[in-house]
Amino acid sequence: MYHELGLGERDLSQSEPRYPRYVIPVTEFEDQMASLKASGLRGVTVTEALQFASPAVAITFDDGCETDLVAAAPVLQRIGFGATFYVIAGFVGNRSYMSREQVRELCDSGFEIGCHSMTHPCLTDLDDAGLRREIHHAKVMLEQITGKAVEHFSCPGGDYDARIIQVAKASEYRSMATSAPRANSPATDQFALGRVPIKRGLKPESFQKLCRGRTLWKLNLQVGMQAGARSLLGNGRYYRLRAAILKK
Ligand SMILES: [Zn+2]
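Residues numbered from 1 in each chain as written. Predicted model: local features only at pLDDT ≥ 70, side-chain atom pairs only at ≥ 80, totals over all residues. Heavy atoms only, no water.

Peer 1: For this particular structure, what's the right way to read the coordination of the zinc ion?
Peer 2: Under perfect tetrahedral coordination by four donors, a metal shows angles of 109.5 degrees; under perfect octahedral coordination by six donors, it shows angles of 90 or 180 degrees. Coordination of the zinc ion by the protein is provided by D63 (OD), H116 (NE2) and H120 (NE2), with metal-donor distances spanning 2.1 to 2.3 Å. Here the donor residues for the zinc ion map to a single chain with the spacing D-x52-H-x3-H. Here the residue D63 occupies a position in strand β5 (residues 60-63), and H120 occupies one in the loop between β7 (112-115) and α5 (128-146), the gap between them amounting to 57 residues. (Donors = N, O, S within 2.8 Å, 3.2 Å for Na, K, Ca; no water. Helix = DSSP H or I, 4+ residues; strand = E, 2+ residues; numbered from the N terminus.)

This is the structure:
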(Lines give C-alpha, C1' and ligand atoms only; values in the text may rest on other atoms or scores of the structure.)
Protein backbone atom coordinates (compact mmCIF):
# COMPACT_ATOMS: atom_id res chain seq x y z
CA MET A 1 0.00 0.00 0.00
CA TYR A 2 1.63 3.16 -1.26
CA HIS A 3 0.42 6.76 -1.11
CA GLU A 4 2.03 9.83 -2.66
CA LEU A 5 5.56 9.56 -4.09
CA GLY A 6 8.21 12.19 -3.43
CA LEU A 7 9.31 13.87 -6.63
CA GLY A 8 11.84 16.73 -6.44
CA GLU A 9 10.58 19.85 -4.67
CA ARG A 10 6.87 19.26 -5.28
CA ASP A 11 4.49 20.30 -2.49
CA LEU A 12 2.79 17.36 -0.78
CA SER A 13 -0.99 16.94 -0.86
CA GLN A 14 -1.26 17.06 2.96
CA SER A 15 0.47 19.19 5.60
CA GLU A 16 -0.27 16.86 8.55
CA PRO A 17 3.06 16.30 10.43
CA ARG A 18 2.88 12.50 10.26
CA TYR A 19 2.11 12.43 6.55
CA PRO A 20 5.67 12.57 5.08
CA ARG A 21 6.50 9.13 6.50
CA TYR A 22 4.10 7.69 3.90
CA VAL A 23 5.69 9.62 1.06
CA ILE A 24 8.29 7.39 -0.61
CA PRO A 25 10.89 9.12 -2.80
CA VAL A 26 10.39 7.93 -6.38
CA THR A 27 13.96 6.52 -6.48
CA GLU A 28 13.18 4.38 -3.41
CA PHE A 29 9.99 3.13 -5.09
CA GLU A 30 11.93 2.29 -8.25
CA ASP A 31 14.50 0.29 -6.21
CA GLN A 32 11.68 -1.61 -4.48
CA MET A 33 10.03 -2.54 -7.79
CA ALA A 34 13.42 -3.65 -9.21
CA SER A 35 14.10 -5.82 -6.15
CA LEU A 36 10.62 -7.36 -6.45
CA LYS A 37 11.32 -8.27 -10.06
CA ALA A 38 14.82 -9.59 -9.23
CA SER A 39 13.31 -11.91 -6.60
CA GLY A 40 11.05 -13.48 -9.21
CA LEU A 41 7.79 -11.89 -8.03
CA ARG A 42 5.55 -9.73 -10.18
CA GLY A 43 3.68 -6.59 -9.27
CA VAL A 44 0.06 -6.88 -10.41
CA THR A 45 -3.37 -5.21 -10.18
CA VAL A 46 -5.87 -6.28 -7.52
CA THR A 47 -7.99 -7.96 -10.22
CA GLU A 48 -5.03 -10.07 -11.33
CA ALA A 49 -3.91 -10.83 -7.78
CA LEU A 50 -7.39 -12.13 -6.91
CA GLN A 51 -7.02 -14.82 -9.57
CA PHE A 52 -4.22 -16.29 -7.43
CA ALA A 53 -2.69 -17.82 -10.58
CA SER A 54 0.86 -17.46 -9.28
CA PRO A 55 2.52 -15.86 -6.25
CA ALA A 56 2.43 -12.13 -6.89
CA VAL A 57 2.33 -8.83 -5.06
CA ALA A 58 -0.60 -6.50 -5.68
CA ILE A 59 0.74 -2.95 -5.91
CA THR A 60 -1.80 -0.40 -4.68
CA PHE A 61 -1.82 3.37 -4.26
CA ASP A 62 -4.34 5.23 -2.10
CA ASP A 63 -5.74 8.73 -2.47
CA GLY A 64 -5.23 9.59 -6.17
CA CYS A 65 -2.31 12.01 -5.88
CA GLU A 66 -0.87 13.49 -9.05
CA THR A 67 2.36 11.54 -8.50
CA ASP A 68 0.38 8.35 -9.29
CA LEU A 69 0.45 9.36 -12.94
CA VAL A 70 3.61 11.45 -13.20
CA ALA A 71 5.94 9.39 -10.95
CA ALA A 72 4.60 5.88 -10.21
CA ALA A 73 3.11 4.94 -13.59
CA PRO A 74 6.35 5.52 -15.59
CA VAL A 75 8.36 3.32 -13.16
CA LEU A 76 5.73 0.56 -13.33
CA GLN A 77 5.55 0.77 -17.13
CA ARG A 78 9.33 0.49 -17.49
CA ILE A 79 9.40 -2.64 -15.35
CA GLY A 80 6.22 -4.16 -16.79
CA PHE A 81 4.17 -4.26 -13.58
CA GLY A 82 0.47 -3.62 -13.09
CA ALA A 83 -1.04 -1.67 -10.17
CA THR A 84 -4.37 -0.52 -8.78
CA PHE A 85 -4.85 3.15 -7.94
CA TYR A 86 -7.61 3.81 -5.39
CA VAL A 87 -8.79 7.36 -6.05
CA ILE A 88 -10.71 9.69 -3.68
CA ALA A 89 -13.48 10.70 -6.11
CA GLY A 90 -14.30 14.04 -4.48
CA PHE A 91 -10.64 15.16 -4.48
CA VAL A 92 -10.17 14.75 -8.24
CA GLY A 93 -9.00 18.10 -9.60
CA ASN A 94 -7.75 19.42 -6.23
CA ARG A 95 -4.19 20.72 -5.90
CA SER A 96 -1.64 17.82 -5.85
CA TYR A 97 -4.35 15.32 -6.82
CA MET A 98 -5.03 14.01 -10.33
CA SER A 99 -7.42 15.87 -12.59
CA ARG A 100 -10.24 14.04 -14.40
CA GLU A 101 -8.08 13.89 -17.53
CA GLN A 102 -5.17 12.43 -15.56
CA VAL A 103 -7.32 9.72 -13.94
CA ARG A 104 -8.60 8.85 -17.42
CA GLU A 105 -5.06 8.79 -18.81
CA LEU A 106 -3.87 6.47 -16.01
CA CYS A 107 -6.79 4.13 -16.72
CA ASP A 108 -6.30 4.25 -20.50
CA SER A 109 -2.63 3.33 -20.09
CA GLY A 110 -3.68 -0.03 -18.64
CA PHE A 111 -3.65 0.59 -14.89
CA GLU A 112 -6.62 -0.23 -12.71
CA ILE A 113 -8.66 2.50 -11.01
CA GLY A 114 -10.28 1.62 -7.70
CA CYS A 115 -12.29 3.80 -5.33
CA HIS A 116 -11.07 5.23 -2.02
CA SER A 117 -14.34 6.98 -1.02
CA MET A 118 -15.75 10.40 -1.94
CA THR A 119 -14.16 12.59 0.80
CA HIS A 120 -11.94 10.27 2.92
CA PRO A 121 -13.99 10.28 6.16
CA CYS A 122 -13.88 7.72 8.94
CA LEU A 123 -16.55 5.42 7.43
CA THR A 124 -17.53 3.76 10.71
CA ASP A 125 -18.82 7.15 11.98
CA LEU A 126 -21.30 7.62 9.09
CA ASP A 127 -25.02 6.97 8.79
CA ASP A 128 -26.50 4.96 5.90
CA ALA A 129 -26.86 7.97 3.57
CA GLY A 130 -23.25 8.93 4.26
CA LEU A 131 -22.02 5.43 3.47
CA ARG A 132 -23.96 5.37 0.24
CA ARG A 133 -22.41 8.68 -0.85
CA GLU A 134 -18.87 7.65 0.10
CA ILE A 135 -19.00 4.11 -1.29
CA HIS A 136 -21.65 4.00 -4.05
CA HIS A 137 -21.77 7.55 -5.43
CA ALA A 138 -17.97 7.77 -5.46
CA LYS A 139 -17.87 4.59 -7.58
CA VAL A 140 -20.37 5.99 -10.08
CA MET A 141 -18.41 9.24 -10.33
CA LEU A 142 -15.14 7.40 -11.06
CA GLU A 143 -16.87 5.20 -13.63
CA GLN A 144 -18.08 8.33 -15.41
CA ILE A 145 -14.51 9.64 -15.48
CA THR A 146 -12.84 6.41 -16.65
CA GLY A 147 -15.61 4.91 -18.79
CA LYS A 148 -14.89 1.57 -17.11
CA ALA A 149 -16.32 -0.42 -14.21
CA VAL A 150 -14.70 0.41 -10.86
CA GLU A 151 -14.72 -2.88 -8.97
CA HIS A 152 -12.40 -2.46 -6.01
CA PHE A 153 -12.73 -0.29 -2.92
CA SER A 154 -10.17 0.60 -0.23
CA CYS A 155 -11.19 1.93 3.19
CA PRO A 156 -9.94 5.38 4.25
CA GLY A 157 -7.75 4.94 7.31
CA GLY A 158 -8.44 1.20 7.14
CA ASP A 159 -11.64 1.60 9.19
CA TYR A 160 -14.45 -0.81 8.38
CA ASP A 161 -17.20 -2.93 9.91
CA ALA A 162 -20.02 -5.23 8.78
CA ARG A 163 -22.21 -2.29 7.59
CA ILE A 164 -19.46 -1.02 5.33
CA ILE A 165 -18.92 -4.47 3.82
CA GLN A 166 -22.66 -4.69 3.19
CA VAL A 167 -22.79 -1.34 1.36
CA ALA A 168 -19.68 -2.24 -0.67
CA LYS A 169 -21.32 -5.50 -1.76
CA ALA A 170 -24.62 -3.76 -2.56
CA SER A 171 -22.67 -1.23 -4.66
CA GLU A 172 -21.33 -4.14 -6.75
CA TYR A 173 -17.71 -3.95 -5.77
CA ARG A 174 -15.78 -7.21 -6.12
CA SER A 175 -13.35 -6.54 -3.30
CA MET A 176 -12.55 -4.26 -0.40
CA ALA A 177 -9.02 -3.60 0.85
CA THR A 178 -8.31 -2.80 4.49
CA SER A 179 -5.07 -1.73 6.15
CA ALA A 180 -4.68 -4.97 8.11
CA PRO A 181 -1.14 -6.14 7.37
CA ARG A 182 -1.63 -9.73 6.27
CA ALA A 183 -0.96 -11.82 3.17
CA ASN A 184 -4.02 -12.83 1.13
CA SER A 185 -4.90 -16.26 -0.22
CA PRO A 186 -7.91 -17.83 -1.99
CA ALA A 187 -9.29 -18.42 1.53
CA THR A 188 -9.21 -14.70 2.41
CA ASP A 189 -12.52 -12.82 2.56
CA GLN A 190 -12.37 -10.59 -0.54
CA PHE A 191 -14.11 -7.85 1.47
CA ALA A 192 -11.38 -7.79 4.10
CA LEU A 193 -8.20 -7.96 2.02
CA GLY A 194 -4.97 -7.32 3.90
CA ARG A 195 -2.47 -4.67 2.83
CA VAL A 196 0.91 -3.55 4.10
CA PRO A 197 1.66 0.17 4.31
CA ILE A 198 5.08 0.96 2.88
CA LYS A 199 6.78 3.77 4.77
CA ARG A 200 9.74 5.92 3.87
CA GLY A 201 13.20 4.51 4.61
CA LEU A 202 12.18 0.82 4.71
CA LYS A 203 15.32 -1.34 4.49
CA PRO A 204 15.58 -3.39 1.26
CA GLU A 205 15.75 -6.68 3.20
CA SER A 206 12.64 -5.73 5.20
CA PHE A 207 10.83 -4.91 1.94
CA GLN A 208 11.74 -8.35 0.57
CA LYS A 209 10.46 -10.08 3.69
CA LEU A 210 7.17 -8.16 3.56
CA CYS A 211 6.70 -9.11 -0.09
CA ARG A 212 7.11 -12.77 0.88
CA GLY A 213 4.53 -12.39 3.65
CA ARG A 214 7.12 -12.79 6.40
CA THR A 215 7.28 -10.66 9.57
CA LEU A 216 3.66 -9.59 9.05
CA TRP A 217 2.77 -10.98 12.50
CA LYS A 218 4.77 -8.14 14.08
CA LEU A 219 2.75 -5.53 12.22
CA ASN A 220 -0.46 -7.38 13.07
CA LEU A 221 0.38 -7.18 16.75
CA GLN A 222 0.94 -3.40 16.53
CA VAL A 223 -2.32 -2.90 14.67
CA GLY A 224 -4.17 -5.10 17.16
CA MET A 225 -2.94 -2.95 20.03
CA GLN A 226 -3.94 0.24 18.22
CA ALA A 227 -7.40 -1.17 17.46
CA GLY A 228 -7.79 -2.18 21.10
CA ALA A 229 -6.96 1.35 22.27
CA ARG A 230 -9.35 2.77 19.70
CA SER A 231 -12.32 0.64 20.70
CA LEU A 232 -11.71 1.50 24.35
CA LEU A 233 -11.42 5.23 23.70
CA GLY A 234 -13.61 5.79 20.62
CA ASN A 235 -12.14 7.22 17.39
CA GLY A 236 -12.15 10.89 18.37
CA ARG A 237 -10.43 10.38 21.72
CA TYR A 238 -8.01 7.85 20.22
CA TYR A 239 -6.84 10.28 17.52
CA ARG A 240 -6.53 13.17 20.01
CA LEU A 241 -4.55 11.00 22.43
CA ARG A 242 -2.35 9.67 19.62
CA ALA A 243 -1.69 13.22 18.38
CA ALA A 244 -0.81 14.31 21.94
CA ILE A 245 1.59 11.40 22.41
CA LEU A 246 3.25 11.96 19.05
CA LYS A 247 3.92 15.62 19.82
CA LYS A 248 6.06 14.62 22.79
ZN1 LIG B 1 -6.29 7.36 2.19
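Peer 1: Would you mind showing me how to read the pattern of salt bridges here?
Peer 2: A side chain of one charge can pair with a side chain of the opposite charge if their charged atoms are brought near each other. The final tally for this structure, using the stated rule, is ten salt bridges. For E66, the salt bridge identified is with R10, shortest N-O distance 2.7 Å. Highlighted residues: E66 in the loop between β5 and α3 (67-79) and R10 in the loop between β1 (5-6) and β2 (24-25), separated in sequence by 56 residues. Taking the shortest distance from any N to any O, the salt bridge between E30 and R78 comes out at 2.9 Å. Separated by 48 residues along the polypeptide, E30 in helix α1 (residues 26-38) and R78 in helix α3 bring together distant segments of the chain. Taking the relative accessible area as the measure of exposure, E30 reaches 32% and is therefore partly exposed. Since its relative accessible area comes to 58%, R78 is described here as exposed. (Salt bridge = Lys/Arg side-chain N within 4 Å of Asp/Glu carboxyl O. Buried < 20%, exposed > 50% of the residue type's maximum accessible area, 1.4 Å probe, protein only.)

Peer 1: It is not clear to me how the layout of surface pockets should be interpreted in this structure. Could you clarify?
Peer 2: Regions of empty space are outlined by a rolling probe, equal in size to a water molecule, passed over the atoms. Space inside the second largest pocket adds up to approximately 730 Å³. Lining the second largest pocket are 31 residues; nearest its centre among them are A56, V57, A58, A183 and N184. Those elements that provide at least two residues to the lining of the second largest pocket are α2 (46-49), β4 (56-58) and α7 (204-211). Among the residues forming the lining of the second largest pocket, the class breakdown is 23 nonpolar, five polar and three charged. (1 Å grid on protein atoms, 1.4 Å probe; cavity = no way out; pocket = protein on both sides within 12 Å on 5 of 7 lines; lining within 4 Å. Points joined across faces, edges and corners; volume = space filled by probe spheres on them. Nonpolar A, V, L, I, M, F, W, Y, C, P; charged D, E, K, R; others polar.)

Peer 1: Please explain the environment of S13 as it appears in this structure.
Peer 2: Within the fold, S13 resides in the loop between β1 and β2. Using a relative accessible area of 14% as the deciding quantity, one classes S13 as buried. Residues S13 and E66, 53 residues apart in the sequence, show an inter-C-alpha distance of 8.9 Å. Residues in contact with S13, not counting those within four places in the same chain, are E4, Y19, C65, S96 and Y97. Side-chain polar atoms of S13 contact the side chain of E4, separated by 3.0 Å. Within the structure, S13 has its side chain in polar contact with the side chain of Y19 (distance 3.3 Å). (Contact = heavy atoms within 4.5 Å. Polar contact = N/O pair within 3.5 Å; in protein donor to acceptor, adjacent residues only side chain to side chain.)

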